[in-house]
Structure formats: C-alpha cells, structure tokens
Amino acid sequence: METQLITKTLEKLKHNFSKGIYFYCTSPTIPEKTHYLHNLICLAEGCRELGIPIYSNVTSWQISCENSDCLFLHDPNIRPSDCSVVILDQGWIDVEQNPLPSDLFQSGREYVTVYIDGSDGAATRSWHPAFESFDLVLRTHMLEEFQYPKNFYPWVFGISNRMMAYLDQVPDSVARNQHLLISFRNTKNQHSVRQWMYRSFLDQLNLALAFSELEGNFNPNQSSDASTDVVNTKNDNLYWRQTGRRHNPHYYAALKTSLASACFGGFFVQPFGRNHATKFSILSKRLLSKWGIPSSTIIQWDSWRLWESLLAGCVSFHADFDQYHFALPVKPENWKHYVGVDCRNPKATVERILDEPEILHMIAENGRKWAISHYAPVPTTLRFLELIRQVKSSSIRHNFRNNIMPLASTDNE
C-alpha cells in the first residue's frame, strides 16, 4: 500500500513538471577557472532518473569518457519560459560575472525561478534586493532562527552520482584502518573551526587515547595528501577538469580505508542578535580566526567533505548540528549518524568515545544509510519538486517560508 502511494505521488510530481526544468549553466573552461556545478548536477541527475526533461543554455557535464553523453543539453528550440522551473547557481554571478538573465522575471510568468546560493561567506550576493524577485533561494550554510530574506530555504551540498560511483562498494568499518582521516584542500587559509580542531580537539583526543585501552587501535592523526592534480584514469581526468580540480580518486580510496574522517569546517563568529551577516559579525570572524577562540555560532559549516565522508561509511566528526543550530532539510542525529562535537566542551565527546568505542562502528553504518536515503540525487530532487509545488500553490509566493508545510521525512531508522 505504501509503495502504491509513493508511486502515485511520484507520478503526480512528474506530471506537474512535464514541461521540464531549465538550468542556466556556466561554460566549461580550463580546470583552474572552471566552476563546479555540483548542486545543479545533483538536481539534474535526479530529474534524469525520474524522467523529467532537462534543458540548458549550454551543453555541459560530460558523464563519461566512454561516449559524448552530457547531463545538460542545449536545445535552441526550448526557451527558459517554456519550462516549469528556471534555475541558476552562484557560479553564474560570482564566477562568470554574468548579470541576471534579462527575461528571467517576466510579468505573468508561470514558471518558478530558483537561485542556489552555495557561496562562502556570511552575506552573499543573494542578500541583494535584486534576488528578492526569485521565488526561491536555496541557501547552503543556513542557521536556524537567524534572519534571512523571506525567499530563502535551507539547502546542502549533498551527494552526486560521481560520488556514489566512486563510493559504491565500501568495506565494513571493522575491516578498515582504525584511524581518523584528516585531509583539507585549503591549508593556507584554514577555517577557524579547523584551527580549533588541531589546537584543542586532537590534543585532548590524543592525550586521552594515550592512557586508555584504545591506544594503538585508533589513531587520530592519520593525514592524507589532499593534492588536486593526481588522476588515475581518463574518467578521473575528465571529472578532475569538470570539478575545477576537486575530484581526487586517491582521496576516495583513503576514505574507504579509514574508520573515521574529520569533516570540521567553517568560521566562529559572534551572532550579534539574530543576524550573522552584520559588519560586527564579519569582524568577529576575523578576530576569532586570529585568536582561535570558539564561539556559540559557526558560519560556512557545510562541505563536500561531509557528504563524501558519510557516503564512504566513515564516522564523520563535525561540529554538533543541534548545538550550533545548523539548518538543513533533514538533520542527522548526533551519535547515531555522525559524531557532533561541542567545540567549547570537546572533552565530553572524547570521554564518550572512551566509554563506548563500539558505538563508532554503528555510527559509520547508520551515517551512510542516512545520507543515501535523504541526500542522493533522487531524494534530493523529490524534495526539490515538492518544495516547488508548494511554492507554486502559495498565494504569497515571496513569503512562502511562513506558509510552507514541513517536508515529510522518509527516515525509518
């Protein structure tokens, strides 16, 4: 009965979007300057699997070297206004420095306009008044109960088919190297949360393990080369170029052989009320980064690393989602799907690891299942389509966050 209901719901959603979704994509260029279309790719891959037509201003994202098939295809006979949804991301503005398409907000339009803001920083371009015209702004890095423009809705980086292909078969956590993998791309301008991890959390963890029965069985200092210029196959090279040098098969191999992974990221700031985009908050980011002092608020907390780690079946160490009020469509549960740390009291996390070392293997398995269930391309796209349906049915399209119904969770764990 439940399967029939899901099928009917899916068919209804597909019918509502039979005109397709139009993606404004940035054009591929040399790897050093290529914008990685990750969030657009995740949605397009879900649409393709669900049978929803995909159109684009350019042909982009070659799926494999084995043929010339691309995810985004340009059809000169299809205009954005012919589709059900028109969508673009921050690369259109921030990377290629394009203006917003001149005909994007046509009077009397029936299509829904969406902007995905995956930019770093507290206040990005989507805070500009011009972006109030979008029906929906999907913003990564959001925080609960903080002030945002009315058309914002929380989003995350999530999982793509490329990630799933490289992390399809993963070893059981017991069979892995019992260490905590630490691998960050940007080592010159470290996030203050990562600085704190090195200065505080790892020191406490090392000290505690040195005097416990876990000594020699869990090494929190196992680092991996995070270089971005090492490729294995033609497909590796293809993905390396198309992701702006972010694809690294050696990193995926390191994840699959590690029990745990450090996914910490972001910057400590002082909240100054309910707005982390003030000048005072931005100044506090610089000061706290210099001093390495944890605070009650973390911005820029999301990362590809988090979702790759979860998908790889690693125990993912991260700042506590509840403690720091991270906003996302479906939130993981601490000590069930990941290990969330209170940065002002890391000792509590260390003590629980010492008391319940067996819990790490359960978390590794649960985290992978949870991530695939909620943030693989198909569930991500279904969530997106349902969200668009609710936006279209709202009589006040630009104040939908106060009227929208919560999206149903499919977590049965």
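Residues numbered from 1 in each chain as written. Predicted model: local features only at pLDDT ≥ 70, side-chain atom pairs only at ≥ 80, totals over all residues. Heavy atoms only, no water.

1. Digging into the overall build of the protein chain
Along its length, the protein chain carries twelve helices and 15 strands. Out of the 413 residues belonging to the protein chain, those deemed buried represent 55%. In the protein chain, of all internal contacts separated by at least 6 residues, the share reaching a separation of at least 24 is 70%. When the accessible surface of the protein chain is totalled, it reaches about 18600 Å², and 50% of it is carbon and sulfur. (Helix = DSSP H or I, 4+ residues; strand = E, 2+ residues; numbered from the N terminus. Buried < 20%, exposed > 50% of the residue type's maximum accessible area, 1.4 Å probe, protein only. Contact = heavy atoms within 4.5 Å. Areas by Shrake-Rupley, 256 points an atom, 1.4 Å probe, with all protein chains shown as cover.)

2. Structural notes on the packing of aromatic side chains
Here the structure, examined in full by the defined rule, presents 30 aromatic pairs. Geometrically, the ring pair formed by Phe131 and Phe134 is stacked, given 5.7 Å between the ring centres and 20° between the ring planes. The pair formed by Phe131 and Phe134 is uniform in burial state, with each residue classed as buried. Counting every residue linked through ring pairs, the aromatic cluster contains Tyr36, Trp61, Phe157, Tyr166, Tyr239, Tyr251, Tyr252 and Trp304. When the ring centre of Tyr111 is taken as reference, the NZ or CZ atom of Arg109 above it lies at 5.8 Å. Note that Arg383 overlies the ring of Tyr375, its terminal NZ or CZ placed 4.8 Å from the centroid. (Phe/Tyr/Trp six-rings, centres within 6.5 Å; stacked < 30°, edge-to-face > 60°. Lys NZ or Arg CZ within 6 Å of the ring centre and 35° of its normal.)

3. Re the sheet that holds strand S7 (residues 136-139)
Strand order in the open sheet formed by six strands is S2-S1-S5-S6-S7-S8, and the pairing between neighbours is parallel. The sheet is open, and its two edges are formed by strand S2 (54-56) and strand S8 (152-154), each paired on a single side. Direction aside, the axes of adjacent strands within the sheet are offset by 25° on average. As defined by bridge partners, strand S1 (residues 21-24) adjoins strand S5 (residues 85-89) across four bridges and the pair is classed as parallel. Along S5, the bridge assignment pairs Phe23 with Ile87. Strands S1, S2, S5 and strand S6 (112-117) of the sheet are contacted by helix H2 (residues 38-50), whose axis makes an angle of about 155° with S1. Packing of helix H12 (residues 377-393) onto the sheet brings it into contact with S1, S5, S6, S7 and S8, and relative to S6 it is tilted by some 130°. (Pairing = 2+ DSSP bridges. Axes fitted to C-alpha atoms, helices over the stretch in contact; angles between N-to-C directions.)

4. Details of the nonpolar core
Membership of the largest hydrophobic core comes to 82 residues, with the highest contact counts inside it found for Met197, Phe201, Phe264, Ile298, Trp307, Val315 and Phe317. When sequence neighbours within four positions are dropped, the list of residues in contact with Trp307 reads Val156, Phe157, Gly158, Ile159, Asp302, Leu328, Trp370 and Tyr375. Counting 36 residues, the second largest nonpolar core, distinct from the first, contains Tyr36, Tyr153, Leu385 and Val391. (Core = buried A, V, L, I, M, F, W, Y, C linked by side-chain atoms within 4.5 Å.)

5. Things to note about the pattern of salt bridges
The final tally for this structure, using the stated rule, is eleven salt bridges. Salt-bridge contacts for Asp69 lead to Arg48; the nearest nitrogen and oxygen are separated by 2.5 Å. Here Asp69, found in the loop between strand S3 (60-62) and strand S4 (70-72), pairs with Arg48, found in helix H2; they are 21 residues apart in sequence, far enough to count as distant. For Lys369, the salt bridge goes to Glu365, with nearest N and O atoms at 3.1 Å. You can see Lys369 and its partner Glu365 sitting in helix H11 (residues 359-375), four residues apart, about one turn around the helix. Lys369 gets classed as partly exposed once you look at its relative accessible area, which sits at 46%. Sharing partners across several salt bridges, the network here consists of Glu144, Asp322 and Lys331. (Salt bridge = Lys/Arg side-chain N within 4 Å of Asp/Glu carboxyl O.)

6. As for empty space enclosed by the protein
Using the criterion set out here, one finds two cavities of 30 Å³ or more in the structure. Put simply, the largest cavity is a space of about 70 Å³. In terms of lining, the largest cavity is formed by Thr26, Ser27, Pro28, Thr34, His35, Tyr36, Leu37, Ser60, Trp61 and Gln242. Considered class by class, the residues forming the lining of the largest cavity number four nonpolar, six polar and no charged. If you add up the space inside the second largest cavity, you get close to 60 Å³. In this structure, the second largest cavity is lined by Asn39, Cys42, Trp155, Val156, Phe157, Gly158, Ile159, Pro329, Tyr375, Thr380 and Arg383. Of all the secondary-structure elements, those providing two or more residues to the lining of the second largest cavity are H2 and H12. The residue inventory of the lining of the second largest cavity, partitioned by class, reads seven nonpolar, three polar and one charged. (1 Å grid on protein atoms, 1.4 Å probe; cavity = no way out; pocket = protein on both sides within 12 Å on 5 of 7 lines; lining within 4 Å. Points joined across faces, edges and corners; volume = space filled by probe spheres on them. Nonpolar A, V, L, I, M, F, W, Y, C, P; charged D, E, K, R; others polar.)

7. Considerations on the environment of Arg245
With respect to the secondary-structure elements, Arg245 resides in the loop between helix H6 (234-242) and helix H7 (249-256). Given a relative accessible area of 29%, Arg245 falls into the partly exposed group. Note: C-alpha distance between Arg245 and Lys33 (212 residues apart in sequence) is 9.5 Å.

8. Describing the confidence of the model for the protein chain
Mean pLDDT for the protein chain: 86, with 82% of residues reaching 70 or above. The model gives residues 405-413 a pLDDT under 50, and that stretch makes 18 contacts with residues more than four places away or in other chains. (pLDDT = per-residue confidence, 0-100.)

9. Here's the deal with the environment of Arg162
With respect to the secondary-structure elements, Arg162 resides in helix H4 (residues 161-166). On the basis of relative accessibility, which here comes to 5%, the residue Arg162 falls in the buried class. Those residues within four positions of Arg162 in sequence are excluded, and the remaining contacts are Tyr36, Glu45, Trp61, Tyr239, Thr243, His247 and Tyr252.

10. Points about unusual backbone geometry
Most of the time, phi is negative for any residue but glycine, and the peptide bond is trans. Of note, the phi angle at Trp61 is positive, near 60°, even though the residue is not glycine. Relative to the helices and strands, Trp61 is located in strand S3. Exposure remark for Trp61: the relative accessible area of 7% places this residue in the buried category. Despite not being glycine, Gln300 has its phi angle at roughly 60°, a positive value. Residue position: Gln300 is located in the loop between strand S13 (297-299) and helix H9 (304-311).

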